[in-house]
Amino acid sequence: MAPPCRFWAAGTCKKGNACRFEHVAGQDTAVPEGVPPAATTPPPCKFFAQGNCARGESCRFSHLFRAGAADVDSCEVRGGAAGVGAAVPTSPAPPIIDLPPGTAVFSIDVECVATGTQHNDRSIAQISLVDAACNVFANLYVKPDRPVVSHLTPLTGLTAELLDQYGVPLETALAELRRRLPPHAVLVGQNILKDVHWLGLKEGDDFTMMVDLAGLLKVWNPQSRRYAYFGLDHYAKVWLGAGRAADEAHDAVADAVKSVRLFLAYQSVMRDAAAVHAMGARVLTTTVTPSFAKQNPVFEGVCQGNKKTCTCGAPLYS
């Protein structure tokens, strides 16, 4: 028998059934040979129920549940002594995002330019704010206070001329954003926490809560028995039929519109687990367009942070 997994005991093991260590309820627990050990289930994660858990697979709480429901899809796993089996979750039920009628749903998106050659050398250059009806509440251009090494135009759509003509100091743009963002708003977006951190916004002060599309639309892969994550463009291609052309640049407003449309599309089917799982299957089987970073590991001398090709030495964040 393999040694006990200390990460599972702490509720933080990311490998699941692929882990080469034992997932036992306690290191001193005696388990009869040939009988699968009993597993204790961590408490459910309330943030996952809202679709906005920032910790992903490293969360020490359970992500295998549906808010307001006790049943999950399961299958019979047999092993060990004859007749011994245990039901384990396979395709987790989709989270339910119930918002009170009239809730103000907004999306924020940020585009950055490069102010250095490492992939973390970035400065805010565009901020967008869009509501659930796809009305543009703000489209703010920011003139960085540091020299720009590259505007990353094929990726961002930004140019020196655009920022020279419309750019304002970051402090001015943030003040305007806070003026237009209702403090009772719910923010949705792909990796929305990153944009919120970039902008220095505070949950509970500047807005009510976040819903991360990366957590909401992630897909359970039954082959690898783990979640698969995709980019905003891939989700939009499958869920909305609105992919991005190979030579089409990102734009903060267009990306924010995609985010609110994706959120509303998910809400329209979230109680139909079969429909959500069918969309997930399509997400898994649809060909993914290579990202800008994959196609251009270095652009205009600037590292794009591709995990497999990065050589700039800056930290890589998931």
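Residues numbered from 1 in each chain as written. Predicted model: local features only at pLDDT ≥ 70, side-chain atom pairs only at ≥ 80, totals over all residues. Heavy atoms only, no water.

> Account for the packing of helix α8 (residues 232–239) against helix α10 (residues 273–285), with residues named and values stated.
Between α8 and α10, the least distance of the axes is 10 Å, while the angle of their chain directions is 120°. Relative to α10, α8 is oriented oblique. The handedness of the crossing between α8 and α10 comes out as right-handed. Along the contact surface, α8 presents His234, Tyr235, Val238 and Trp239, while α10 presents Met279, Arg282 and Val283. (Axes fitted to C-alpha atoms, helices over the stretch in contact; angles between N-to-C directions. Helix = DSSP H or I, 4+ residues; strand = E, 2+ residues; numbered from the N terminus. Parallel < 35°, antiparallel > 145°, perpendicular 65-115°, else oblique. Left-handed = near helix turned anticlockwise from the far one by under 90°. Contact = heavy atoms within 4.5 Å.)

> I'd like a rundown of helix α9 (residues 252–269), residues and numbers included.
Here α9 spans 26 Å end to end across 18 residues, near enough to the 26 Å set by a 1.5 Å rise per residue. Every buried residue of α9 is listed here: Ala252, Val253, Asp255, Ala256, Val257, Lys258, Ser259, Val260, Leu262, Phe263, Ala265 and Tyr266. Its side-chain oxygen at 3.0 Å from the backbone nitrogen of Val253, Asp251 defines the N-terminal cap of α9. (Expected span 1.5 Å × (residues − 1). Buried < 20%, exposed > 50% of the residue type's maximum accessible area, 1.4 Å probe, protein only. Polar contact = N/O pair within 3.5 Å; in protein donor to acceptor, adjacent residues only side chain to side chain.)

> Please give an account of the pairing of strand β5 (residues 136–141) that cites residues and values.
Note: strand β4 (residues 122–131) against β5, five bridges, orientation antiparallel. Its bridge partner lying in β5, Ser128 is registered against Asn139. Linking β4 back to β5 in an antiparallel pair, the connection comprises four residues, with Cys134 at a positive phi of about 65°. (Pairing = 2+ DSSP bridges.)

> Provide a residue-level description of the packing of α8 against α9, including the pertinent values.
Two elements in contact, α8 and α9, have axes whose closest approach is 10 Å; the angle formed by their N-to-C orientations is 50°. As summarised for this structure, α8 and α9 are arranged oblique, according to the angle between their axes. Between α8 and α9 the crossing geometry is left-handed. Contact residues: α8 offers Leu232, Asp233, Tyr235, Ala236 and Trp239, while α9 offers Asp255, Lys258, Ser259, Leu262, Ala265, Tyr266 and Val269. Residues that form the contact of α8 with α9 fall into these classes: eight nonpolar, one polar and three charged. (Nonpolar A, V, L, I, M, F, W, Y, C, P; charged D, E, K, R; others polar.)

> So what about the sheet that holds β5? Which residues, and what values?
Strands sit in the order β5-β4-β3-β6-β7 across an open sheet of five strands; the sheet is mixed. Two strands lie at the open edges of the sheet, namely β5 and β7 (209–212), each paired on one side alone. On average, each strand axis in the sheet is tilted by 25° relative to the strand beside it, whichever way the strands run. Its contacts with the sheet put helix α5 (residues 170–180) on β3 (105–114), β4 and β5, and the angle it makes with β4 is roughly 20°.

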